[in-house]
Structure formats: structure tokens, C-alpha cells
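Survey of secondary and tertiary structure
Residue strings, one per chain:
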Amino acid sequence: MNIQLVDSLIQVIESLTPEESLLFQEKLLARAIQSTPGVCGGNARIRNTRIPVWTLVSLHKQGADEAELLRNYPVLHDRDLENAWRYYDRHREEIDRIIVSHHTDD
């Protein structure tokens, strides 16, 4: 592990302006949540998985807590759920529309 590199990165991150910090967080989130044509219908999903954000949000709205979601999706980590909730906060209409469309398909 390169401790010097990590320390340097911390210094750079701490020196960011609030606007730069927000942009940095958005860029990190973009890597954590992916949308790829042909994978999960092109819907937003957790990085390198086939677990759509809308599925996690829908289950959470139905009463599944984070511990249950992590048990049911063992490839996920706490951070993945945090990223899913953050994505939902920023794209609520998109995710809600997908959830409604899947419930009406039943």
C-alpha cells in the first residue's frame, strides 16, 4: 500500500472548494452507480453487478431494512446501499417511474 499517495490524496481532497468537493462526490457516485445499455434494461445499477437501484429502493419502501438487503445481496456492502440511496435522492422521479412500471407489469 502506498501510504504517501493516500496522504497526498487526502491533502488534495481537503483543499477542494465546496463546489469542487460536490463535483468530486458526484464523480465518485458516477463510478459507484452505473448505467449500461443492455444490462438491467439500461437502468442504474450498483457498480459491476446486475442489481438495479430501483430494486433496492422498492424493497426498502416495502419494509426491508439495510441488514436484510445486505443478507439477501451478499455482494453488496454498506457503502453500496448509501450510494443507492444517494442516487435515489438525486433521481427520485426516474426511480419512482421505473418502480411503478414494474408493479403495473405484474
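All residue numbers here refer to positions counted from 1 along the written sequence of the relevant chain. Reporting of local features is limited, given that this is a predicted model, to residues whose pLDDT is at least 70; pairs of side-chain atoms are given and counted only at 80 or more, and all residues count toward the totals for whole chains, interfaces and linings. Note that the side-chain values use all heavy atoms of the structure and ignore hydrogens as well as water.

Here we come to the pattern of salt bridges. Oppositely charged side chains may form a pair once their charged atoms are brought near each other. Salt bridges are counted wherever a side-chain nitrogen of Lys or Arg sits within 4 Å of a carboxyl oxygen of Asp or Glu. Inspection of the entire model under this criterion finds four salt bridges. Between D96 and K61 there is a salt bridge, with its nearest N and O atoms 2.9 Å apart. Of this pair, D96 sits in helix α6 (residues 92-104) while K61 sits in helix α3 (residues 53-61), and the two are 35 residues apart along the sequence. Assessed through its relative accessible area of 25%, D96 is described here as partly exposed. Helix and strand labels come from DSSP, where a helix needs a run of H or I of at least four residues and a strand needs a run of E of at least two; each type is numbered from the N terminus. When accessible area is computed with a 1.4 Å probe and restricted to protein chains, residues below 20% of their type maximum are described as buried, those above 50% as exposed, and intermediate ones as partly exposed.

With that out of the way, let us pick up the side chain of S58. Residue position: S58 is located in helix α3. Two N or O atoms form a polar contact when they lie within 3.5 Å of each other; inside protein one atom must be a possible hydrogen donor and the other a possible acceptor, and for residues adjacent in sequence the pair counts only when both atoms belong to side chains. Within polar-contact distance, the side chain of S58 engages the side chain of Q62 at 2.9 Å. Only 3.4 Å separates the side chain of S58 from the side chain of H103, close enough to count as a polar contact. Residue contacts follow a heavy-atom distance rule, with two residues in contact if any of their heavy atoms lie within 4.5 Å. Excluding residues within four positions of it along the chain, S58 makes contact with I99 and H103.

A positive phi is found at C40, a non-glycine position, where the angle reads about 55°. Looking at the element boundaries, C40 is found in the loop between β1 (33-34) and β2 (45-46). What makes C40 buried here is its relative accessible area of 19%. Positive phi values are uncommon outside glycine, yet N48 reaches one of about 55°. Examined against the element boundaries, N48 turns out to sit in the loop between β2 and α3.

This part is about the side chain of N43. One can find N43 in the loop between β1 and β2. Owing to a relative accessible area of 18%, N43 belongs among the buried residues under this scheme. In this structure, N43 is in contact with Q34, S35, W54 and I98, ignoring residues within four places of it in sequence.

As a further point, take the packing of helix α2 (residues 18-32) against helix α5 (residues 78-90). Packed helix pairs are specified by the crossing angle of their axes together with the interaxial distance, meaning the distance between the axes. Angles shown run from 0 to 180 degrees and are taken between the N-to-C directions of axes, each axis being a line fitted to C-alpha atoms and, for helices, limited to the stretch in contact. Where α2 meets α5, the axes come as close as 10 Å, and the angle between the chain directions of the two elements is 115°. The angle between α2 and α5 places the two elements in the roughly perpendicular class. The chirality of how α2 crosses α5 is left-handed. Between α2, through L22, E26, L29 and A32, and α5, the contact on the second element is made entirely by N83, R86, Y87 and R90. Any residue outside Ala, Val, Leu, Ile, Met, Phe, Trp, Tyr, Cys, Pro, Asp, Glu, Lys and Arg is labelled polar, Gly included; the first ten of those are nonpolar and the last four are charged. A class-by-class count of the residues in the contact of α2 with α5 yields four nonpolar, one polar and three charged. Each angle is binned into one of four classes, with values under 35 degrees roughly parallel, values over 145 roughly antiparallel, values of 65 to 115 roughly perpendicular, and all other values oblique. Should the near helix be turned anticlockwise from the far one by less than a right angle, the crossing is left-handed, and should it be turned clockwise, the crossing is right-handed.

So far we have only geometry, and geometry alone does not tell us how the molecule works.
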